[in-house]
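Each chain, letter by letter, is given below.
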Amino acid sequence: MVYVRIAAGEILVVESVLLMNGHILKVLLLGFVAACASCHTCSAQDEKLPPPSEDQRRDVMKLLQEIYKSEYVAAETAEAKSVLATKILDAANETADNAARYSMLKLAADIAVRAADSEIVNESIDLMDRFYEIDEPKVRLAALIGVAKNIDSQSEPAALSAVIGFCRRAIDRNDYVAAQQLLTISEGNFREAASRRELTELATRVKTLQLQFESVRDHLQKLLEDPDDQEANLAVGRFRCFGRNDWSVGLKNLARGSDETLREIAQLELAGGNDIDRRTVIADRWWQYAENVEGEVAVRAKLHAGSYYKIAVDSLQGLERAKAATRLREAESLGEIAAIEMIAGGDAAPPKPAAPEPMNEWKVVYEMPASYSDVAVGGSGRYLIFRLDSLKKLAFFDVMKREITQYVPIESSDIRFTAGANEFFIATRPQNVLERWSLETFKRLSTVKLPLENPVEVVMMGSASEGPIYVGAQHGPGSFLNPRSLKPIPYQVVDHRYQRAGEIQGAGPESRVRASANGRAFAMWRTNVSPGGFRTYVLTDRILHTFYQHDTMGYIEPSPDGELMYTSRGVYTSQTKEYLANKGNFATSFRIPAVTGNYAVGVLRDDDRKKKNVNPIHILVSGQVDPILTIPDVSIRTGEYGDFHGRELMTLARRVYLLPNANLLITLPVSNKSLVLHYLDLEQELRESGVDFLYVASRAPTSVKSGGVYKYQLDVKSKQGDVEYEIVAGPSGMRVSNDGLVTWRTPRRGSEQQEVIVLIKDGNGQQATHTFTVATTL
């Protein structure tokens, strides 16, 4: 890289030499340097800048044309033009000068328009809108019209998605003229019959909505003057609910409107839309209303009722369930049913995460109402779920509220249970019945018979996942179930040990199975044989990869993202390969991954147990050797030689729970009668320790669809601050912003793995590297 000191007001022309895909590529960093404050690396990113002046853009464009003219002339095909547009877009992201960046983004968009590459067009305009004060809808409309005029069979699917997306946003802002303009051009240029049909249907809807909008324009103005006007609320509410299908806002208007029936139903829904017991009542009321009206209003009312029937039907029985199922089928035949989360309670925004309750002391012993025999994590780390055999209950300990907040009765202690992000599951033996329960309402949603010949021994899923669920029994294969239908998923199993088609292993009473929080990796071992085996399952799309090492590892706990496996003998990859320098049975500590985040706990080893049950522990960044923090006086048993076998149901790894989001370290004493809560604010502890720390607390997403955009926000902890980022190894086109956002537009074809290395520096000159792998999938 060549750096030049230059005064404001001069033309900056600097060539930076980069290595991309093995070729030397000259990238022009240029522009009119107006003032230091205009540089995006120094100025605040929250404020947009005005576009550069015509003179600045003309000077820059003249140089850009000189640099890229030969490449543009040689780019005769649409694919070649897309490659060139991507190159210029990447160079724009590495350019510090605003005039250069603006001009390069515009040039990339213009070339992408000629290539009919709607994805590059949209990304270029997104960046222009992020940094500059532009009329984004107008700029995007002009660009997409150009795309529509240049499409071919290969670019048509992505272009169709872009056109429909623009039109939907235009509808949201009541810009029907812009939507109609784009649809008119698109209908005349798209070639596929299905595409034209979809565009024609959307154009008809836009025209209808425009007429309806014109009819309520005066009512909208009236509401600005008097928000409680009943006639205006009724007119606007009907338009928003039955016209635009915007129930989250329209219900509030109907609840203040002059129509008594609609007012009553809307008030009922706003008051109880999140109450599972009232959802059937709400659905029935909308269905009754639909049967007394006609046309589009009846269709919209039935579709809205279907939203509630869909979420409630599995919890109903007898005639009520039959009625809901029949009406749901009819609603589904009328159109697409919206997700209940987007309409319930009139608030489409996602809920804010709960804040942890304060603790008066740094260590608190929480006595359980009875002894527990097993534990699981659920709700993305929100709950520790304990089986209390003597009380025949599951107890849900809320880590944010620091107490048990819910009990669920169980028929007997002869059950297996697991939990995901939003639901938990109870399998009853020997009947092989699996129940699905809500973690929101703590009510049973559905029940099925498991596809197993022998009594189920293991059910397991990721604590922050929506599935799948592993189920296994003795003397038969295991299965991964869809958490909604509770039916087996037909995975293609690839055995990497023997390089052949594999199978999903069953599980006997001696089997132990663990899952990563995201549900993408599972680990299995056995306790009745030696060696116990080290088997993993890694899920990618519809392929299930299985790996195996013929050894005894003790406990095996996947990291939250499933990339690493923490064992009694050290840290391994999900492919059962050694990751750190493992010392095997000579290890002096045992590592256990945090429930969430990029951390691990190190528990000291003492085979003779001469130490007390209060000992120091180490906090480590996941996958690293040296601890970042040592916490004294933690109530925990030490590790011992027996932990290398992992035969206990409550292994050492099931007695330690690091929960950074809750500022907690929870340990479970060997008595199984209490929990010990240790308050632990990691960042505060580090700052008070005097350690000059710099590390990455986040873990990267490990996969992205081919042709999609990969995004990963780095979470870097630094005492000094002034953090800088640089990608020193990675795929072509991957970049990192000044605030640590890694982005990469992936190739449209093929699947492969890319290793990425990010160099991180702080204001004190300290450096750290962050390495991760990204797989593109078809």
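Please refer to the structure placed before this passage.
Now for a quick tour of the structure. Every value quoted in this text rests on a predicted model; they were computed, and no experiment measured them. (Residues numbered from 1 in each chain as written. Predicted model: local features only at pLDDT ≥ 70, side-chain atom pairs only at ≥ 80, totals over all residues. Heavy atoms only, no water.)

1. Thoughts on the overall build of the protein
Looking only at helices and strands, one finds 15 helices and 39 strands in the protein. Among the 778 residues that make up the protein, the fraction classed as buried is 52%. Of the contacts made within the protein by residues no fewer than 6 positions apart, 54% connect residues no fewer than 24 positions apart. When the accessible surface of the protein is summed, it comes to about 36200 Å², and 49% of that surface belongs to carbon and sulfur atoms. (Helix = DSSP H or I, 4+ residues; strand = E, 2+ residues; numbered from the N terminus. Buried < 20%, exposed > 50% of the residue type's maximum accessible area, 1.4 Å probe, protein only. Contact = heavy atoms within 4.5 Å. Areas by Shrake-Rupley, 256 points an atom, 1.4 Å probe, with all protein chains shown as cover.)

2. Notes on the sheet that holds strand S18 (residues 521-526)
To summarise the sheet geometry, strands pair through backbone hydrogen bonds and adopt either a parallel or an antiparallel arrangement. An order of S16-S15-S20-S19-S18-S17 is seen for the 6 strands of this open sheet, with the pairing classed as mixed. The open sheet has two edge strands with one neighbour each: strand S16 (500-501) and strand S17 (511-515). (Pairing = 2+ DSSP bridges.)

3. Considerations on the sheet that holds strand S11 (residues 444-449)
With antiparallel pairing, the 4 strands of this open sheet are ordered in space as S8-S9-S10-S11. Here the strands that pair on one side only, and so sit at the sheet edges, are strand S8 (415-419) and S11. Taken over all neighbouring pairs, the strand axes of this sheet differ in orientation by 15° on average, direction set aside. Of the strand pairs in this sheet, S8 and strand S9 (residues 423-428) are connected by 5 bridges, and their pairing is antiparallel. Counted as the bridge partner of isoleucine 415 is threonine 428 from S9. (Axes fitted to C-alpha atoms, helices over the stretch in contact; angles between N-to-C directions.)

4. Considering the nonpolar core
By size, the foremost hydrophobic cluster in this structure holds 58 residues, and its most contacted members are Tyr68, Ile88, Leu182, Leu183 and Phe190. In this structure, phenylalanine 190 is in contact with Ala148, Ile151, Glu156, Ala159, Leu160, Val163, Ser195, Arg196 and Leu199, ignoring residues within four places of it in sequence. Ile556, Val621, Leu658 and Phe693 belong to the second largest nonpolar core, which has 35 residues in total. (Core = buried A, V, L, I, M, F, W, Y, C linked by side-chain atoms within 4.5 Å.)

5. Observations regarding the packing of aromatic side chains
Pairs of aromatic rings are described using the distance from one ring centre to the other and the angle between the two planes. Across all of its chains, the model carries 25 aromatic pairs by this definition. Ring plane angle 85° and centroid distance 6.1 Å describe the contact between tyrosine 383 and phenylalanine 396, whose orientation is recorded as edge-to-face. Of this pair, tyrosine 383 sits in strand S5 (residues 383-388) while phenylalanine 396 sits in strand S6 (residues 393-398), placing them 13 residues apart in sequence. Using a relative accessible area of 0% as the deciding quantity, one classes phenylalanine 396 as buried. Taken together, Tyr383, Phe396, Phe424, Trp437 and Phe442 form an aromatic cluster joined through their ring pairs. (Phe/Tyr/Trp six-rings, centres within 6.5 Å; stacked < 30°, edge-to-face > 60°.)

6. Considering helix H3 (residues 98-114)
Taking 1.5 Å per residue as the helical rise, H3 with its 17 residues ought to reach 24 Å, and the 25 Å between its terminal C-alpha atoms agrees with that figure. N-capping of H3 is provided by aspartate 97, with a side-chain oxygen placed 3.1 Å from the backbone N of alanine 99. (Expected span 1.5 Å × (residues − 1). Polar contact = N/O pair within 3.5 Å; in protein donor to acceptor, adjacent residues only side chain to side chain.)

7. Examining the packing of helix H13 (residues 295-312) against helix H14 (residues 318-334)
Between two packed helices, both the angle of their axes relative to each other and the distance between the axes serve to describe the pair. Closest axis-to-axis distance for the H13/H14 pair is 8 Å, and the angle between their directions is 130°. Here H13 lies oblique to H14, going by the angle between them. Taken as a pair, H13 and H14 cross one another with a handedness that is left-handed. Contacts from Val299, Lys302, Leu303, Gly306, Tyr309 and Lys310 of H13 reach H14 at Ala324, Arg327, Leu328, Glu330, Ala331 and Leu334. (Parallel < 35°, antiparallel > 145°, perpendicular 65-115°, else oblique. Left-handed = near helix turned anticlockwise from the far one by under 90°.)

8. Some remarks on the packing of helix H7 (residues 176-189) against helix H8 (residues 193-225)
It is the contact of H7 with H8, at a shortest axis distance of 10 Å, that shows an interaxial angle of 155°. By the angle class used here, H7 and H8 are roughly antiparallel. The crossing of H7 and H8 is left-handed. Each of Tyr176, Val177, Ala179, Gln180, Leu183, Ser186 and Glu187 in H7 lies in contact with H8, whose residues at this interface are Arg196, Leu199, Thr200, Leu202, Ala203, Val206, Lys207, Leu209, Gln210 and Phe213. Split into classes, the residues belonging to the contact of H7 with H8 amount to 10 nonpolar, 4 polar and 3 charged. (Nonpolar A, V, L, I, M, F, W, Y, C, P; charged D, E, K, R; others polar.)

9. Description of the pattern of salt bridges
Going through the model one piece at a time under the given rule, you end up with 32 salt bridges. As a salt-bridge pair, aspartate 414 and arginine 429 come within 2.8 Å of each other at their nearest N and O atoms. Placement of the pair is aspartate 414 in the loop between strand S7 (403-409) and S8 and arginine 429 in the loop between S9 and strand S10 (433-438), with a sequence separation of 15 residues. Notably, a salt bridge pairs arginine 416 with glutamate 457, separated by 3.2 Å at the nearest N-O pair. A residue pair is termed long-range when its members are at least 10 positions apart, and arginine 416 in strand S8 and glutamate 457 in strand S12 (residues 456-460) qualify at 41 residues. Judged by its relative accessible area of 23%, arginine 416 is partly exposed. Salt bridges sharing common partners tie together Asp90, Glu119, Glu123, Arg735 and Arg745. (Salt bridge = Lys/Arg side-chain N within 4 Å of Asp/Glu carboxyl O.)

10. Focus on the side chain of lysine 302
In this structure, lysine 302 sits in helix H13. A relative accessible area of 14% places lysine 302 in the buried class.

11. Some words on H8
Relative to the 48 Å expected for 33 residues at 1.5 Å per residue, H8 spans 47 Å between its end C-alpha atoms, a close match to the ideal helical length. Of all the bends found along H8, the most pronounced is centred on valine 216 and spans about 45°. Considered for burial, the residues of H8 that qualify are Ser195, Leu199, Leu202, Ala203, Val206, Leu209, Phe213, Val216 and Leu223. Lining the buried residues of H8 we find helix H6 (156-172), H7, helix H9 (230-243) and helix H10 (247-254). (Bend = angle between axes of the 7 residues up to and from the residue.)

12. Remarks on the side chain of histidine 770
Relative to the elements of secondary structure, histidine 770 occurs in strand S39 (residues 767-777). Residue class for histidine 770 comes out buried when judged on its relative accessible area of 9%. Among the polar contacts made by the side chain of histidine 770, one reaches the side chain of tyrosine 712 at a distance of 2.9 Å.

13. Some remarks on the environment of valine 756
Within the element layout of this structure, valine 756 appears in strand S38 (residues 753-761). Distance from valine 756 to histidine 770, taken between C-alpha atoms, is 8.0 Å for residues 14 residues apart in sequence. If near-sequence neighbours (up to four positions away) are discounted, valine 756 is found in contact with Ala729, Gly730, Pro731, Met734, His770, Thr771, Phe772 and Val774.

14. Here we look at the environment of arginine 300
Looking at the element boundaries, arginine 300 is found in helix H13. Sequence spacing of arginine 300 and glycine 243 is 57 residues, and the spatial spacing of their C-alpha atoms is 8.1 Å. With sequence-adjacent residues up to four places away left out, arginine 300 is seen in contact with Arg205, Cys241, Phe242, Gly243, Asn245 and Trp247.

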